Amino acid sequence: MTLIDGKAISAQIKDELKVKTGELKDKGIEVTLAVILVGEDPASQVYVRNKKRACEYIGYRSLSYELPADTTQEKLLELVEELNGRDDVDGILVQMPLPKHIDEKAVIEAISPDKDVDGFHPVNVGRLCIGEEGFVSCTPAGVIQLIKRGCPDFDITGKECVIVGRSNIVGKPMALLMLRENATVTVAHSRTADLKAVCKRADIIIAAVGKAGMITKDYVKEGAVVIDVGINRTEDGKLCGDVKFDEVSEIAAAITPVPGGVGPMTIAMLMNNCYEAAIRHNR
Ligand code: GUN
């Protein structure tokens, strides 16, 4: 059984970006990410701090906008517009969730698709859907890297991939990416009939449902690759995934742990999108 080490793969990607960023700097190009945080949600503060730290590590410039919780939507949209127009800004990230009085959809759609390093803008989702170059949502992009780098001898082409969960941020883009890798894709969800039987067909199972330990060994075929996107907390506050790791790891060919699997990959792929934004912006 292969334990896919997301921390190590994330570090590897960041180190590769660090080298490439040094080469860009020699050409006079500095990658710049603008990070906007509205309000004081503690989890969001941690995420934003980690994103800024990753920028610092790789050698990107980061601009930080920490706005009070009562910031109006109009003010926020003004800031996004200003950053859209700035030639020295490559990527814009608005940390979600936003306070209730702000329409997240309006904010996402205000970001220029060419600076949308989260890959949330409908234009980027559309580009992914028809196979054009664009920004891909970071978590599903990270899953592809986990499989390719964590299981280098495993070929996704032709494999049965079952994705459990159909969110806009994970399940749907995950399906499109797996299709791009030539997998045969099934998107299962809470209304799927006989979910166990559907999952049991999978050579690759990607769990993104948000239910602690829902995927037991009864859902998994022997020798499957199991990717756990879930981040749940047990009653005693411990982090755990959607997959019952102890039993599934006994039959899987490869599996990601929680924590230390998909989680660390999201920032690495965000950093990769920032690099791509700068390359496209300067060509
Ligand atoms: N909140 C939780 N995850 C994310 C993410 O990937 N991007 C943004 N902008 N906000 C988030």
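Keep in mind that what you see is a predicted model, and the values were worked out from it rather than measured.

## A short note on the site of the ligand
So, point 1. Taken together, Lys51, Leu93, Val94, Gln95, Met96, Asp118 and Phe120 make up all the residues around the ligand.
So, point 2. One nitrogen or oxygen atom from the main chain of Met96 is found 2.9 Å from a nitrogen atom belonging to the ligand.
So, point 3. The residue makeup of the shell around the ligand, split by class, is 4 nonpolar, 1 polar and 2 charged.

## As for the packing of helix H6 (residues 138-150) against helix H7 (residues 171-180)
The axes of two packed helices give the description: the angle between them and the distance between them.
So, point 1. Remark: H6 packs on H7, axes separated minimally by 9 Å, with the N-to-C direction vectors making an angle of 40°. Our classification of the angle between H6 and H7 gives oblique. Where H6 crosses over H7, the two elements pack in a sense that is right-handed. Mapping the contact onto sequence places Pro140, Ala141, Val143, Ile144 and Ile147 in H6 and Pro173, Met174, Leu177 and Met178 in H7.
So, point 2. Residues belonging to the contact of H6 with H7 are distributed by class as follows: 9 nonpolar, no polar and no charged.

## Focus: the pairing of strand S6 (residues 184-188)
Each regular strand displays side chains that alternate between the two surfaces of the sheet.
So, point 1. Two elements, strand S5 (residues 160-164) and S6, share 5 bridges in a ladder whose sense is parallel. Residue Val164 lies in a different strand from S6, and its bridge partner there is Ala188.
So, point 2. In this region the chain leaves S5, passes through H7 and returns to the parallel neighbour S6; the handedness of that crossover is right-handed.

## Some words on the sheet that holds strand S2 (residues 32-38)
So, point 1. If you walk across this open sheet you meet the 3 strands as S3-S2-S4, and the pairing is parallel. The two strands at the open ends of the sheet, each matched to only one other strand, are strand S3 (61-67) and strand S4 (91-94). On average, each strand axis in the sheet is inclined to that of its neighbour by 15°, with strand direction left out of account.
So, point 2. By the bridge criterion, 7 bridges tie S2 to S3 in an arrangement that is parallel. By the bridge assignment, Ala34 is partnered in S3 with Leu63.
So, point 3. Helix H3 (residues 73-85) contacts S2, S3 and S4 of the sheet and is inclined by roughly 180° relative to S2.

Conventions we followed
Residues numbered from 1 in each chain as written. Predicted model: local features only at pLDDT ≥ 70, side-chain atom pairs only at ≥ 80, totals over all residues. Heavy atoms only, no water. Near = heavy atom within 4 Å. Polar contact = N/O pair within 3.5 Å; in protein donor to acceptor, adjacent residues only side chain to side chain. Nonpolar A, V, L, I, M, F, W, Y, C, P; charged D, E, K, R; others polar. Axes fitted to C-alpha atoms, helices over the stretch in contact; angles between N-to-C directions. Helix = DSSP H or I, 4+ residues; strand = E, 2+ residues; numbered from the N terminus. Parallel < 35°, antiparallel > 145°, perpendicular 65-115°, else oblique. Left-handed = near helix turned anticlockwise from the far one by under 90°. Contact = heavy atoms within 4.5 Å. Pairing = 2+ DSSP bridges. Right-handed = clockwise from strand over helix to strand, strands pointing away.

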